Each structure stands twice: as structure tokens, then as C-alpha cells.
Amino acid sequence: MAIRVVCPTCAKHLTAPDGAAGKKASCPACQTKMLVPAASAPKATQPPASAAPAANAKPKPTVPPAAQRPAAPAPRSPALRPAAPQSSAQQPPKTQPRPVQSAPAQTAAQPKPPTAQQLKPVAQPKPAQPVARPAGAATVAKSAPVVKPSPAPPRRPPPPASQPVRPKAPPPQAYDDFEIDEFDVDDTGEYGIAPTAGAPPARSPGGLPPVSVPRAPTLAQTRLLNQRTASIDSAQYEATESDDELPETGSLVAMFRAPAIRSPTDPLRFLYLTLALSIVPLAFSLMGADGSIEDRFARTHQNHPEAFPGSLENGFDLEDVLAKLPDHRLDGAHLSRKSWMHWMYAFASAGAFLAVAIYLFEMGTASPRQLLGVGAATATFGIVSLLLVQLAASLTSGFVLRGNIAITIVFYILKFIGFSYQCATDPRNGFLLSFFGYTFGVGLCEELTKAMPVLLRMRSPRRIDWRGACVWGLASGVGFGVAEGIMYSSDYYNGIHTGGIYFVRFISCVALHAVWSAAVGISLWHKRSALADDLDWKELVGIVFIALAGPMILHGLYDTMLKREMSLWALATALASFAWLAGLIEWTRRQEAYEEELEHAPELRSIR
């Protein structure tokens, strides 16, 4: 019979074969290792009180054959019991004795019943005599033709046949349709000791034939199967515990997307490094392949002098000049001033980077629908909130506030942000003031805006792994970079710059924003335990500031290099940003593998 097992993790009711008793097995639902208990043998049924004396009594010898009859009177067999004593005149003698009524069902503890040869009655020479007597035995007087046996002691009647004594069956339980597979059974015992070779096969309780249970795969077979199934999404990694909806199995995204978790030996785990190729448009632009804006203005002034009020040195209104030019653009400019084509570039960039996150990065517990929502939220609500903060910071210039402590702290934080933006945008400031402004003004505000989706998710009870936090930050950075590219195109690029600047803005700059925010997402995940607790605002600010420190400095340094026209150093800073993200990913992978090895070192992973 099957053994009932209850999983200690998911509380699923399982059934295991008898041969798995005393071995380890894996739950088909949650893959939790458990020890299959030995099936308890059925208890022996106690005989009824009336049958106890008969079972314990010493059995009497049977009637010997006629050739070996002794001279003494033959003992009376317990199997031949005559009817109740009656007179010979009222009831004729019976030719065959009446057998004793059988007792309840014999159990394993009682002796075997007599065979048919032992119960065979002896042939009667005369029908008038109920019991045959040997030769030479003492006879009864002729006046008594029938020998009356001595009356038997009174016996209690046996229980009725309709109510047999049976062991109580366990109450019925509602078991789920889960059955432990033969490959889920570990061949080692409770202490990891495998059965000795040549040992007799284990028998199930009750003496049933042995059950053949296939042995679990060896360690070499396990490693081979892991290598063969490395490219398949074999481990959803707590995705079954997440409340978010994953893409359908038959969808196009599910067919071609990268697995949620790649094997440590899979070379495709470094596929995300190809994102560094997005720096190529920035490299061409910094080398001066597009030419300078002054050359385009001089060429346009020479070809269309009527559009300018005077010489270029006297100054002019850019909007008025572009409105008078044909197609509303300078000579060599890619788009017109009133063009909407940059929106198409923005949507193309968003779709391309969403595909990069799905196919090049490990998704973990995240889904494409989540990434689309995170990017859209940052591109709309995040950008609007950042613009409001910048506006409030600019209004604090020249004011001093005293009063409520909370309002005063918020006021001076906004004042500090406004001062940082002034240091960043003032062309008269040197390297240090510009770096300070771009780091604590532009870098701090933008990185905090992009980190808000990941931070809110970490503070919620819904779980997310480090891979999900990485792609969440990546999607948030893509949304921010695309929205920033739309604003820069409509304000500074349309009608003035060539087509190369659009590649830089919608490819290289978007990639940099995505890399910085992805690094922030991984850093916040490492602080997940602290973020899940109840923190005051001081502890929360400290944790968030530490997570933002690296990307914030890289962001400020990159902008400062561009402002100071240090092209090679700006390109090196961009490459250092990609190296920062790659280092975080690989360090987190090694830490995860080390922790998993410590936790599951004595166990052999189950292969289904």
C-alpha cells in the first residue's frame, strides 16, 4: 500500500511507494526534501473473550487409523462434537458428527487451523453407535444401546458473523492529486548512508512482495543533466511565489526570451556585456564626426543672409532665424524645428532597450509587462516630479526661512539642490564646482527619480530577486533617458543638429541612464533586509544615499567632462559606468552561489 506523506513546506498531501520508506524524497510542488516514514504494520486482531480459552488450550490428539488403534478408549476429538444430549427414543442417531462452529477470522498471532485429514471422521460400523470404539474396549451395558457423552461445559456463544472484529480503518482524508515520482526518491537514508550492495530487497509491511524503486541519479548524472538543461528555464526562482503575472508559455516573448536564471557554466550569462556597444555613437560624436554648430551657422548665414538681422557677432534670436529659413532648419540639420520625427525615434529606442532587457539580461522574478509599466511610470510621473523639484529649488534662491523644523529642513534641501544646479550650469565655474553641482544636483536628483520604482518595491511585502531589481532599474533608466531625449530634441536639437546627435541621445545616453539605474537597483537589493524593516527617515536616507553614491558620482563626472570638453575622459567615464554594473552583477552572482552552496551542500539536487 502507498505511504501518505505531508510536505512540511507547502502542506501538500503526497503518496509514496512502499519501497521509498526510510528514504528521502522531493515534493513535486515545491522540491522540498523530506524523509518518507516507514509504513506501520497492521496490528494483530485480538481474539474474542469466548475464543481465548480454546486458542490457548492444548490441542488434543486426533483419532489414529484403525491399524494403529490402542487398546485404551480413544480420546474425543475437539472437532467432533455431538449435539446436545437427548434420549435415543426421541431422536435417531446421526451418522455424521456436527462440526464445531468456526470462530472469528484467525489472525497472524493464532495457530493454523487443522487440516482436512485431521477433521476426517472415522467410519461407523453400526448406525446405532455415534462413536466407533476399538476392539477390547470397555462396552456399555446392552440395556443402553446409545452411549451418552458427558455434558460439555457451557461455552459462551461466539459473536455474530455479521459483526466481525476488524481493525479500525483511519478516517478518510482528502488528499491532493500529487504523487511522488520515482526520481524524487533519494537512495540515501536519513543520515545520507546508501544501502549496501547485495543487501536483500526490502519488503513492505505485511509480507507483500518487494517493491522495486529505481535508484536516484548519481552526482555525475546530475551534473550532466544540469548542463544539458542549462538553457531551459528550469528554475523559476520563487516566481511561483510572486503575485505578478508571467508571460504565457506559448507567446512569442516566452519562446525567445532569455531564461530567468542562467547556469553558472552557461557562457551566455555574459551576453549583457554587449550593451556596451551602445557607446559607439557617443565615441563618433566626441571625435567630431558631425562637425561644429558654428560651421553650420556660418554656412547658413552665407546662403540665407535675409534670415539674419545682421552679422553673427551682433547676436540674434534663434527662433526668429529658424522661422525665416526654408524648412525651418539650418543647412545640414537633420530635422525641421517643428518636426515630430523625434517621437518616432523615442518609441524605437524604448522598444529596442526593452528587447535588450528581455533577451540579454536575466529577468529573474520580473516580467516584460512589469518593465513596460516601470519605464512608462518613470517617463511620465518621474519626469514631472523632477521638474517640480527643480522649479521649487529655483524659487528658494535669495530667501531664508525660519519656523517649523520639518518645513525648514525641506526648504534648505531644496535650496541646496538649487545651488548645485547653479554650480553645474554656470560656465564660469571650474572643474571642482562643476563636478560638485553635477554630482549633488543633477546626479542626485535624477538617480533618485529613477530609483523610486525599485525602492518602493523593496519596501513592499512583494518579493523580488536581484535579477528583477536589476532589470527594473534598467527599465526605469530607459524611460527616463527616452523622455529626456524627447525634451532635448524639441528644445535644442531640431532644426540645428545633424542626425548623429539623435543616435547619441536615444542610444548612448539612454544606455548610460539605464546602466546607472540598474546598478542602483542591485545595490538596493543588497539592503533589502534593512528596507523591509520599520526605519526612521534618518536610516532610510542613509541606506538610499549609499546605494546612489557610485552611480551619482559617475553621472556627475561624465557631465563635468562633457562641459569641460574633455572628450576622451568622458568616454572613459562611460566605459567605467558599464564596468561598474558588470562588477556588481558578477559579485552578486558569486555571493549567491556561495550562499546556496553553504545551504545545500549536503544534499543532492533532485532531477525531474
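Residues numbered from 1 in each chain as written. Predicted model: local features only at pLDDT ≥ 70, side-chain atom pairs only at ≥ 80, totals over all residues. Heavy atoms only, no water.

Q: So what exactly am I meant to see when it comes to the pairing of strand E2 (residues 13–16) here?
A: Here is the key point about a regular strand: its side chains alternate between the two faces of the sheet. As paired strands, strand E1 (residues 3–6) and E2 are joined by 4 bridges and run antiparallel to one another. Opposite Val5, over in E2, you have Leu14 as the bridge partner. (Pairing = 2+ DSSP bridges. Helix = DSSP H or I, 4+ residues; strand = E, 2+ residues; numbered from the N terminus.)

Q: Can you help me understand the environment of Ser367 in this one?
A: Mapped onto the secondary structure, Ser367 falls in the loop between helix H7 (341–359) and helix H8 (368–395). Once the C-alpha coordinates of Ser367 and Trp472 are considered, the two residues, 105 residues apart in sequence, prove to be 9.5 Å apart.

Q: Looking at this structure, I do not really get empty space enclosed by the protein. What am I missing?
A: Sizing a probe to match a water molecule and rolling it over the atoms shows the empty space that remains. This model, assessed by the stated rule, comprises 3 cavities of 30 Å³ or more. Taken as a whole, the largest cavity spans an internal volume of roughly 90 Å³. What lines the largest cavity is simply Arg262, Leu268, Arg269, Tyr272, Leu360, Phe361, Glu362, Trp466, Arg467, Cys470, Ile585 and Arg589. Only helix H11 (466–493) and helix H15 (567–600) provide two or more residues apiece to the lining of the largest cavity. Looking at the lining of the largest cavity, the element that brings in the most residues is H11, giving 3 residues. (1 Å grid on protein atoms, 1.4 Å probe; cavity = no way out; pocket = protein on both sides within 12 Å on 5 of 7 lines; lining within 4 Å. Points joined across faces, edges and corners; volume = space filled by probe spheres on them.)

Q: Looking at this structure, I do not really get unusual backbone geometry. What am I missing?
A: Negative phi is the rule for most residues except glycine; trans is the rule for most peptide bonds. In the Ramachandran plot, His328 falls in the positive-phi region, its phi being about 55° despite a non-glycine side chain. Here His328 is to be found in the loop between helix H6 (318–324) and H7. The class of His328 is partly exposed, set by a relative accessible area of 28%. The residue Glu565 is not glycine, and still its phi comes out positive at about 55°. Residue position: Glu565 is located in the loop between helix H14 (537–563) and H15. (Buried < 20%, exposed > 50% of the residue type's maximum accessible area, 1.4 Å probe, protein only.)

Q: What's the story with the pattern of salt bridges in this structure? I'm lost.
A: Two side chains carrying opposite charge are able to pair once their charged atoms lie near each other. Applying the stated criterion to the full structure yields 9 salt bridges. Between Glu362 and Arg589 there is a salt bridge, with its nearest N and O atoms 2.3 Å apart. Taken as a pair, Glu362 in the loop between H7 and H8 and Arg589 in helix H15 lie far apart in primary sequence, 227 residues in all. With relative accessibility at 13%, the residue Arg589 sits in the buried group. Overlapping salt bridges bring together Glu362, Arg467, Glu586, Arg589 and Glu592 as one network. (Salt bridge = Lys/Arg side-chain N within 4 Å of Asp/Glu carboxyl O.)

Q: I'm lost on the packing of H7 against H8 in this one. Help?
A: Pairs of packed helices are described in terms of their axes, by the angle between the two and the distance that separates them. In the contact formed by H7 and H8, the axes pass within 11 Å of each other and the chain directions differ by 140°. In this view, H7 runs oblique relative to H8, as classed from their interaxial angle. The two elements H7 and H8 meet at a crossing, and its hand is right-handed. Counting all contacts with H7, which are made through Leu354, Ala357 and Ile358, the residues of H8 involved are Pro368, Leu371 and Leu372. Its residues assigned to classes, the contact of H7 with H8 shows 6 nonpolar, no polar and no charged. (Axes fitted to C-alpha atoms, helices over the stretch in contact; angles between N-to-C directions. Parallel < 35°, antiparallel > 145°, perpendicular 65-115°, else oblique. Left-handed = near helix turned anticlockwise from the far one by under 90°. Contact = heavy atoms within 4.5 Å. Nonpolar A, V, L, I, M, F, W, Y, C, P; charged D, E, K, R; others polar.)

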